[in-house]
Amino acid sequence: MLLGAYTSAIGAGLSCPDWPTCYGTWVPFLQPEIIANSPYSALQIFAEWAHRGLAMTAGVLIVGTTIGAWVTHRNTPIVKWSATAALALLPLQVILGGLTVTENLQPIIVTTHLGVAILILLCLLTTFLVAYLRR
Ligand code: HEM
């Protein structure tokens, strides 16, 4: 979420102009001419690209958290279902992230992207706090 806010704050929302790839490649930094010819700085491109990569990593961790919640908290519905809700919101968030780019930062899409991020955070905080307090 912080990297998303940073990406937005430095005006880098469209520094990877396509999606899911960035300038038609998964790792634009392997082709220096892409960075040299872009109207955006290397920092801007890196922030947007890293935001996508970190989102993917967060996604894998959310899958793990949900599996863990179902295995270790079988009898605590709030833990299982709040983790599952975070997992269910994840594909929506990824689609919204893509639309943020392809629809040129339309305010309603950027705002919904932020809203879903907050919902995912709330779900994960609930999972963590209830699991922790019930130990
Ligand atoms: C777990 C997944 C994700 C989370 C939690 C997340 C969260 C966020 C947050 C909190 C912001 C800042 C919003 C604001 O300041 O108004 C943001 C910005 C952004 N996100 Fe994501 N994001 C995720 C995945 C993605 C993906 C997969 C993309 C794919 C392109 C993406 C593209 C963007 C872009 C382009 C911005 C900048 C928007 C702007 O310039 O205003 N996000 N994200």
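By convention here, each chain's residues receive numbers from 1 onward along its written sequence. Reporting in this predicted model follows two pLDDT cut-offs: at least 70 for local features of residues, and 80 or more for side-chain atom pairs to be given and counted; totals over whole chains, interfaces and linings ignore these cut-offs and use all residues. Note that the side-chain values use all heavy atoms of the structure and ignore hydrogens as well as water.

Overview of helix α4 (residues 77-102)
- Helix length check: α4, at 26 residues, gives a terminal C-alpha distance of 38 Å against a target of 38 Å (1.5 Å per residue), a fit within 8%.
- Bend angle per residue: angle between axes fitted to the 7 residues ending at that residue and the 7 residues starting there. Note on conventions: DSSP H or I runs of at least 4 residues are helices, E runs of at least 2 residues are strands, and numbering of each starts at the N terminus. At L90, α4 shows its largest kink, close to 30 degrees, and the proline P91 lies no more than four residues downstream. To estimate how far a helix should extend, the number of its residues minus one is multiplied by 1.5 Å.

Looking at the packing of helix α3 (residues 42-72) against α4
- Fitting a line to C-alpha atoms yields each axis, with helices limited to the stretch in contact; the angle taken between N-to-C directions then spans 0 to 180 degrees. Contact geometry for α3 and α4: axes closest at 8 Å, N-to-C directions at 160 degrees. For the element pair α3 / α4, the angle class is roughly antiparallel. Where α3 crosses over α4, the two elements pack in a sense that is left-handed. Packed against α3, whose contacting residues are E48, R52, G59, I62, V63, T65, T66, A69 and W70, the element α4 presents V79, K80, W81, A83, T84, A86, L87, L90 and V101 at the interface.
- Along the lines of polarity and charge, the residues of the contact of α3 with α4 split into eleven nonpolar, four polar and three charged. Oblique is the label for any angle not covered by the other classes, which are roughly parallel (under 35 degrees), roughly antiparallel (over 145) and roughly perpendicular (65 to 115). Less than a right angle of anticlockwise turn of the near helix away from the far helix marks a crossing as left-handed, whereas a clockwise turn marks it as right-handed. Whether two residues are in contact is decided by their heavy atoms, any of which lying within 4.5 Å being enough. For this scheme, ten residues count as nonpolar: Ala, Val, Leu, Ile, Met, Phe, Trp, Tyr, Cys and Pro. Four count as charged, namely Asp, Glu, Lys and Arg, and the remainder, Gly too, count as polar.

Notes on the packing of aromatic side chains
- Stacked, tilted and edge-to-face pairs are distinguished by plane angle, under 30 degrees for stacked and over 60 for edge-to-face with tilted covering the rest, among Phe, Tyr and Trp rings (Trp via its six-membered ring) whose centres lie within 6.5 Å. All told, the structure shown has five aromatic pairs when counted by the stated rule.
- Centroid distance W70 to W81: 5.0 Å. Interplanar angle 80 degrees. Geometry classified as edge-to-face. Linking W70 in helix α3 with W81 in helix α4, this pair joins segments that are eleven residues apart in sequence.
- Among the residues examined, W70 registers a relative accessible area of 34% and is labelled partly exposed.
- Relative to Y132, the ring of F128 lies with its centre 5.8 Å away and its plane at 25 degrees, an arrangement referred to as stacked. Pair noted here: F128 and Y132 are both in helix α5 (residues 107-133), with a separation of four residues, about one helical turn.
- An aromatic cluster of at least three residues, connected via ring pairs, comprises F29, F46 and W49. Per-residue accessibility, obtained with a 1.4 Å probe over protein chains only, is compared with the maximum for each type, and a residue is labelled buried under 20%, exposed over 50%, and partly exposed between these values.

Looking at the UniProt feature "transmembrane region" (unreviewed entry) in the protein
- In the numbering used here, UniProt assigns the feature "transmembrane region" (unreviewed entry) to residues 49-71, 83-102 and 108-133.
- Structurally, residues 49-71 is divided into 100% helix and 0% strand, and its ends, taken at the C-alpha atoms, are 34 Å apart.
- Along residues 83-102 one finds 100% helix and 0% strand; the C-alpha atoms at either end are 29 Å apart. UniProt positions are given in the numbering used here, feature names are shortened, and annotations may be inferred rather than shown by experiment.

Quick word on the site of the ligand
- Any residue with at least one heavy atom within 4 Å of a molecule or strand is counted as near it. In the vicinity of the ligand lie 21 residues, with S8, W19, H51, R52 and H113 positioned nearest.
- Think of a polar contact as two N or O atoms within 3.5 Å of one another; within protein, one of them needs to be a possible hydrogen donor and the other a possible acceptor, and neighboring residues in sequence only count if both atoms come from side chains. At 3.0 Å from an oxygen atom of the ligand is found a side-chain nitrogen or oxygen belonging to S8.
- H113 places a side-chain nitrogen or oxygen 2.8 Å from a nitrogen atom of the ligand.
- Breaking the shell around the ligand down by element, the ones donating at least two residues are α1 (2-9), α3, α4 and α5.
- Counting residues per element, the shell around the ligand draws most heavily on α4, which supplies six residues.
- Along the lines of polarity and charge, the residues of the shell around the ligand split into ten nonpolar, nine polar and two charged.

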